[in-house]
Amino acid sequence: MRYRIGELADFFGMTKEGIRYLEREGVITSERDAGNGYRYFPRDEITRLKQIKRYQGLGFSLEEAHQLVCETRREEIVDRLAQKQRELEGKVRQIERMQRLLAMQQEAAAHLIDTQEQVWLGERPELIFFPRVPDEASGETPAQREAIARARAEEKEWILATPPCTLGAMHFTPDGTGRRMLGSIVRAESAREVGLRETERTIHLPACPCVCAVVEGPEKQRPDLSPLFDYMRANRLRITGEVFGILWLTYRTEQGNRFGIHEVYAPYEKMEEDGTMTAASPTKACQS
């Protein structure tokens, strides 16, 4: 038996161009009929293609499947299958991690949308912050240039670690003055899971009680933190560490403007009537 290209395509649910591609790649071959000029594929080619499709169904690429069927020695087959098994197990772990992160993002999105413009006393999770390397950074000496290159290489690691890493910023220092510092921020347990290292550039933020707020504002602008500071003044609270924010969501308004929703954390302690301070639980030990 022999088969025309359309028949072969129909066998495997492919297009004729897909069959021509396999032929160009040397996966299958055809023979031209001298009488009518048509090209035909022998039955053996269907058998080979069935074997290749089977391996593709097990996660092998077309090239890998073709090598397994046509080029791999018998003693190598088991090792190749075991290697693919390990690759798939790694992908399963990756998907499971993505599912966990997706659930966290869904929970965060629902929480942020429901609590916009609200302020409360809560707990800041343990975080690690990597400040962004300035775009204009340059060095006059080889040592300076090497330090900048090293910092940019570290920042690249953090960017590649997305999605556990997200955008963050230091908005205020403990004395309440503004010092906006943009960068990447991640929960400490997620950093350990993906292998991110703390370096001399990173800022470690221990878990501690904080005044928490959900605020929004135009993209690329500092969010309005006045609700947080109004709450602190009304409740006689004082900042004891840097105020950090996490940019969780961005959206587009009906007018076409882009806004961001931030969750902000401000470590605090309580001011007594006589002006002395009372730490909120272990806040003093959590100063950033």
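Residues numbered from 1 in each chain as written. Predicted model: local features only at pLDDT ≥ 70, side-chain atom pairs only at ≥ 80, totals over all residues. Heavy atoms only, no water.

Asks: Sorry if this is basic, but what is going on with the overall build of the protein here?
Replies: Each helix and strand counted, the protein has eight helices and 13 strands in total. Each of the three principal axes of the protein carries a C-alpha extent, and together these read 105 × 50 × 40 Å. Put simply, the protein has 288 residues, and 36% of those count as buried. Per element, the accessible surface of the protein, about 17300 Å² overall, is 49% carbon and sulfur. (Helix = DSSP H or I, 4+ residues; strand = E, 2+ residues; numbered from the N terminus. Buried < 20%, exposed > 50% of the residue type's maximum accessible area, 1.4 Å probe, protein only. Areas by Shrake-Rupley, 256 points an atom, 1.4 Å probe, with all protein chains shown as cover.)

Asks: Before we go on, may I ask you to explain the side chain of histidine 66 in this structure?
Replies: Within the secondary structure, histidine 66 sits in helix H4 (residues 62-70). Residue contacts for histidine 66: discarding those within four places in its chain leaves Gly26, Val27, Ile52 and Glu71. (Contact = heavy atoms within 4.5 Å.)

Asks: Would you mind going over the confidence of the model for the protein with me for this structure?
Replies: Any segment with low pLDDT has predicted coordinates that should not be analysed in fine detail. Per-residue confidence for the protein gives a mean pLDDT of 85; residues scoring 70 or more make up 92%. Within the protein, no element has a lower average pLDDT than strand S13 (residues 277-279), which sits at 49, and none a higher one than strand S5 (residues 127-131), at 95. Below a pLDDT of 50 lies the segment residues 279-288, which in the model reaches 21 contacts outside its immediate sequence neighbourhood of four places, other chains included. (pLDDT = per-residue confidence, 0-100.)

Asks: Teacher, can you tell me more about the packing of aromatic side chains here?
Replies: For any pair of aromatic rings, geometry is given as the distance between the ring centres together with the angle between the planes. Counted by the stated rule, this structure contains seven aromatic pairs. Relative to phenylalanine 229, the ring of phenylalanine 172 lies with its centre 5.1 Å away and its plane at 80°, an arrangement referred to as edge-to-face. With a gap of 57 residues between them, phenylalanine 172 in strand S6 (residues 166-172) and phenylalanine 229 in helix H8 (residues 226-234) connect regions that are remote in the sequence. For the residue pair phenylalanine 172 and phenylalanine 229, the accessibility class agrees, reading buried in each case. One aromatic cluster is present, built from ring pairs that chain together Tyr3, Phe11 and Phe12. It is arginine 2 that lies over the ring of tyrosine 40; its NZ or CZ is 3.9 Å from the centre. If you follow arginine 4 out to its NZ or CZ, it ends over the ring of tyrosine 38, 3.9 Å from the centre. (Phe/Tyr/Trp six-rings, centres within 6.5 Å; stacked < 30°, edge-to-face > 60°. Lys NZ or Arg CZ within 6 Å of the ring centre and 35° of its normal.)

Asks: What exactly am I supposed to notice about helix H2 (residues 16-24) here?
Replies: Counting along an α-helix, one turn takes 3.6 residues, and residues three or four places apart therefore face a common direction. Along H2, the residues that are buried comprise Gly18, Ile19 and Leu22. Projected down its long axis, H2 carries its buried residues within an arc of 100°, all on one side. Residues of H2 that are buried in the fold lie against helix H1 (5-12), strand S3 (39-42), helix H3 (43-57) and H4. Glycine 26 sits one or two positions beyond H2 and adopts a positive phi of about 80°. (Arc of directions from axis to C-beta.)

Asks: Just checking my understanding: could you explain the sheet that holds strand S2 (residues 31-32) for this structure?
Replies: Whether parallel or antiparallel, the strands of a sheet pair through hydrogen bonds between backbone atoms. Taken in spatial order, the three strands make up an open sheet running S1-S3-S2, and their pairing is antiparallel. Each edge of the open sheet carries a strand with a single partner, namely strand S1 (2-3) and S2. Two elements, S2 and S3, share two bridges in a ladder whose sense is antiparallel. Pairing of glutamate 31 across the sheet is with tyrosine 40, part of S3. (Pairing = 2+ DSSP bridges.)

Asks: Help me understand the pattern of salt bridges in this model?
Replies: It is possible for side chains bearing opposite charge to pair when their charged atoms get close. Following the criterion strictly, the structure yields 15 salt bridges and no others. With a closest N to O distance of 2.7 Å, arginine 73 and glutamate 76 form a salt bridge. In this structure arginine 73 comes out as partly exposed when scored by relative accessible area, which is 49%. In this structure, arginine 100 and glutamate 193 form a salt bridge, with 2.4 Å as the shortest nitrogen-oxygen distance. With arginine 100 in helix H5 (residues 74-114) and glutamate 193 in helix H7 (residues 188-194), this pair connects stretches of sequence that are 93 residues apart. Residue class for arginine 100 comes out partly exposed when judged on its relative accessible area of 42%. (Salt bridge = Lys/Arg side-chain N within 4 Å of Asp/Glu carboxyl O.)

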